Amino acid sequence: MELTVIGSSAKPAEASGCSTGSCGSTDDQMSHLPEEIRQKVFNHPCYSEDAHHYFARMHVAVAPACNIQCHYCNRKYDCSNESRPGVVSELLTPEQAVAKTKAVAANIPQMTVLGIAGPGDPLANPERTFDTFRRLSEEAPDIKLCVSTNGLSLPESVDELAKHNIDHVTITINCVDPKIGAQIYPWIYWNNRRVFGEKAAKILIRQQQKGLEMLVARGILVKVNSVMIPGVNDEHLKEVSRIVKEKGAFLHNVMPLIAEAEHGTFYGVMGQRSPEPEELQDLQDACAGDMNMMRHCRQCRADAVGLLGEDRGEEFTIDKIESMDIDYDEAMKKRAVVHAAIEQELDEKRAKKARLSSMFGSSASQSEKRPVLMAVATTGSDLINQHFGHATEFLVYEASSTGVRFISHRKVDQYCIGNDTCGEKESALSGSIRALKGCEVVLCAKIGYEPWEQLEQAGIQPNGEHAMEPIEEAVAQVYQEMDAAGKLDPAATVMTETA
């Protein structure tokens, strides 16, 4: 039962990472935007559906200090084993950050965006942050500049952000109610003193909303991040989404709380649970409306490098870039060629999407067909090109009578690690099956007998027949096959309980 296809196509952005084909803003959602906004986001991997699996981003960790405390945050330095916000391996000076950015851009030509996201708050470190932006504007003018902030110091920073041509800002807004905020933020540092409880939350909320309004008035695109904390702000985030939409935010990213005890956060130590995948999906769907919902977020480290879903930071440590000879003028020429090739490929992909949409009917009988979740193993390039046992995450898509859409990514422990540590392999396989709860099909390039059998027992059908095929096309075809076999009737029993 070893099903595989060997071979790959050479593409300008070929690399591991997120390869979803419908992850953030849809074509319909993008089409209502003015042309100048679409031009700003078309190659921004954190803002555009198409861009995030073709273009890369990087973060530079120049901002160590923070002016608030969050119950879900624990900033760690010199840490290479965790992939979550606030974690870095190296703190950089502005000079080092510029050198690293130019080295990455020269070696990963599809990199388009440089962001400062910590490990503290960039706007609580204004000198270091804006010195970095000033230098990059002068020395690497072809790179977009972004900043992520908790918003406490945002209003007084808007003029400086605009001065440096920063036209993308992310604000983390977890509440608009001080009572809920007091459960998330124990204190803020405001006017040279600590403020606690609801009073602190009220100040933070006021500053966030004021900053959002000021940015929108300047024509700066705003993405709002919100951390979903079950039992604290999960229901409240619907109100947050409504308000930030009204105030002009372009994109809302509802992320799951990361609360493992080993991370040392208050929530982790106190046993606050993270949301289940279906809970996150339900909330994202409830918040979706006339504003884009971002579903492809990887909750990146503050020093992440590469495509979303990968981290190549170890290739660009300070000691390594010091030995690199970078001709950035020449690198910009190469980058322009690569970007043009990607744009051409994206045009072709959009044409394929249009053809794909025609595969789905709109009759009354079609509208009665139930949706199906399918998991995909992929190393990138929008292809089903990974062995089931090699996957460290699966991308989950929903196929329905109206089309195919990306839902989420689900991280797993790698099942096949090249040795005979049976206990560990069995544990990893069980964990993978639990992570795929709710999915009825798993699409991969290759799969062995043992996981095939256990997946079937769990009500998940393995499928290796679409290796090296585009993800959305394969998902649509499998959905049509299920329909033809009578498996999509509303009364059909769905066996997706995990073992």
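A tally of regular secondary structure across the protein gives 16 helices and 16 strands. The contacts in the protein between residues at least 6 apart in sequence include a share of 74% that link residues at least 24 apart. As displayed, the protein offers around 20700 Å² of accessible surface, 49% of which is attributable to carbon and sulfur atoms.

Right, let's talk about the state of the cysteines for a bit. In protein structure, a disulfide is the covalent linkage between the sulfur atoms of two cysteines. Evaluation of the coordinates by the stated rule reveals zero disulfides. Looking at cysteine 66, it has no disulfide partner, and the nearest cysteine sulfur is the one in cysteine 70, 6.3 Å off. According to the relative accessible area criterion, cysteine 66 is partly exposed, its value standing at 24%.

Between helix α8 (residues 237-246) and helix α10 (residues 277-287), the shortest axis-to-axis distance is 9 Å and the interhelical angle comes to 35°. In this structure, α8 meets α10 at a crossing whose hand is right-handed. Contacts between α8 and α10 involve Leu237, Lys238, Ser241 and Lys245 on the former and, on the latter, Leu283, Ala286 and Cys287. For the contact of α8 with α10, the class distribution of residues is four nonpolar, one polar and two charged.

Taking 1.5 Å of rise per residue, the 14 residues of helix α4 (residues 126-139) would be expected to cover 20 Å, and the 20 Å separating its terminal C-alpha atoms lies within 8% of that figure. Restricting attention to buried positions, one finds in α4 the residues Thr129, Phe130, Asp131, Thr132, Phe133 and Leu136. Taken together, the buried residues of α4 touch α3 (94-107), β3 (111-116), β4 (144-149) and α5 (158-163).

Within a sheet, adjacent strands bond to each other through the backbone by hydrogen bonds, running parallel or antiparallel. Pairing is antiparallel in the open sheet, where three strands are placed in the order β2-β6-β7. Looking at which strands have only one partner, the edges of the open sheet turn out to be β2 (68-69) and β7 (193-196). Relative to β7, strand β6 (residues 187-190) runs antiparallel, the two sharing four bridges. Bridging from a neighbouring strand, tryptophan 190 pairs with arginine 193 of β7. The strands touched by helix α7 (residues 197-217) are β2, β6 and β7; relative to β7, the strand with the most contacts, the crossing angle is about 105°.

This part is about the sheet that holds strand β13 (residues 393-400). Within the open sheet, the five strands sit side by side as β14-β13-β12-β15-β16. Their pairing is mixed. Pairing within the sheet leaves two strands with one partner each, and these edge strands are β14 (403-411) and β16 (461-463). Along the sheet, successive strands turn relative to each other by an average axial angle of 25°, direction set aside. In the sheet, strand β12 (residues 372-376) pairs with β13 via five bridges, with the strands oriented antiparallel.

What follows is about helix α15 (residues 449-457). All buried positions along α15 are accounted for by Pro451, Trp452 and Leu455. Projected onto a plane normal to the axis of α15, the buried residues spread over an arc of 105° and lie on a single side. Residues of α15 that are exposed and angled more than 90 degrees away from the buried face: Tyr449 and Gln457. Two residues or fewer after α15 comes glycine 459, characterised by a positive phi angle close to 85°.

Looking now at the packing of aromatic side chains. Following the criterion strictly, the structure yields four aromatic pairs and no others. An angle of 75° between the planes, with centres 5.4 Å apart, marks the rings of tyrosine 397 and phenylalanine 406 as edge-to-face. Pair check on accessibility: tyrosine 397 and phenylalanine 406 agree, each one buried. Lying across the ring of tryptophan 187, arginine 194 places its NZ or CZ 4.0 Å from the centre.

In this section: the nonpolar core. Leu114 and Leu215 are the most contacted members of the largest nonpolar core, which has 53 residues in total. No other element matches α3, which puts six residues into this core.

Before going further, it helps to examine unusual backbone geometry. That bond from glycine 118 to proline 119 is cis: its omega, 15°, falls within 30 degrees of zero. With respect to the secondary-structure elements, proline 119 resides in the loop between β3 and α4. Backbone geometry at asparagine 191 places phi at a positive 55°, although glycine is not the residue there. By the secondary structure assignment, asparagine 191 is in the loop between β6 and β7. For asparagine 191, a relative accessible area of 57% puts it in the exposed group.

Turning our eyes to something else, we now look at the side chain of aspartate 234. Relative to the elements of secondary structure, aspartate 234 occurs in the loop between β8 (221-228) and α8. Of the side chains with opposite charge, arginine 273 comes closest to the buried, unpaired aspartate 234, at an N-O distance of 5.7 Å.

Rules behind the numbers
- What you see as residue numbers is a count from 1 along each chain, following the sequence as written.
- Per-residue local features are limited, in this predicted model, to residues with pLDDT of at least 70; the limit for side-chain atom pairs, both in listing and counting, is 80 or more; totals at the level of whole chains, interfaces and linings are taken over all residues.
- Only hydrogens and water are removed before side-chain values are computed, so all heavy atoms of the structure are retained for them.
- Elements are defined by DSSP. Helices are runs of H or I of four residues or more, strands are runs of E of two residues or more, and each kind is numbered from the N terminus.
- We call two residues in contact whenever any of their non-hydrogen atoms come within 4.5 Å of each other.
- Note on areas: Shrake-Rupley, 1.4 Å probe, and residue coverage restricted to the protein chains presented here.
- When two cysteine sulfur atoms are found within 2.5 Å, that pair is recorded as a disulfide.
- Categorising residues by exposure relies on relative accessible area from a 1.4 Å probe, with only protein chains included: less than 20% of the type maximum marks a residue as buried, more than 50% marks it as exposed, and the intermediate range marks it as partly exposed.
- Note on method: axes are straight lines fitted to C-alpha atoms, helices fitted across the in-contact stretch only, with angles between N-to-C directions ranging 0 to 180 degrees.
- Crossing handedness is read from the near helix: turned anticlockwise from the far helix by less than a right angle, it gives a left-handed crossing, and turned clockwise, a right-handed one.
- Three classes are used: nonpolar for Ala, Val, Leu, Ile, Met, Phe, Trp, Tyr, Cys and Pro, charged for Asp, Glu, Lys and Arg, and polar for all others, with Gly counted as polar.
- By definition here, a helix of n residues has an expected span of 1.5 Å times n minus one.
- The pairing criterion for strands is at least two bridges between them, as found by DSSP.
- The arc in question is the one traced by the directions running from the helix axis out to the C-beta atoms.
- Centres within 6.5 Å make a pair out of two Phe, Tyr or Trp rings, where for Trp the six-membered ring is used; the pair is then stacked when the planes are under 30 degrees apart, edge-to-face when over 60, and tilted otherwise.
- Definition used: whenever NZ (Lys) or CZ (Arg) falls within 6 Å of the ring centre and also within 35 degrees of the ring normal, the charge is taken to sit over that ring.
- Buried Ala, Val, Leu, Ile, Met, Phe, Trp, Tyr and Cys residues that are joined via side-chain atoms within 4.5 Å together make up what is termed a nonpolar core.
- When charges are counted, neither His nor the chain ends are considered; positive counts come from Lys and Arg and negative counts from Asp and Glu.
- A pair is scored as a salt bridge if a Lys or Arg side-chain nitrogen falls within 4 Å of a carboxyl oxygen belonging to Asp or Glu.

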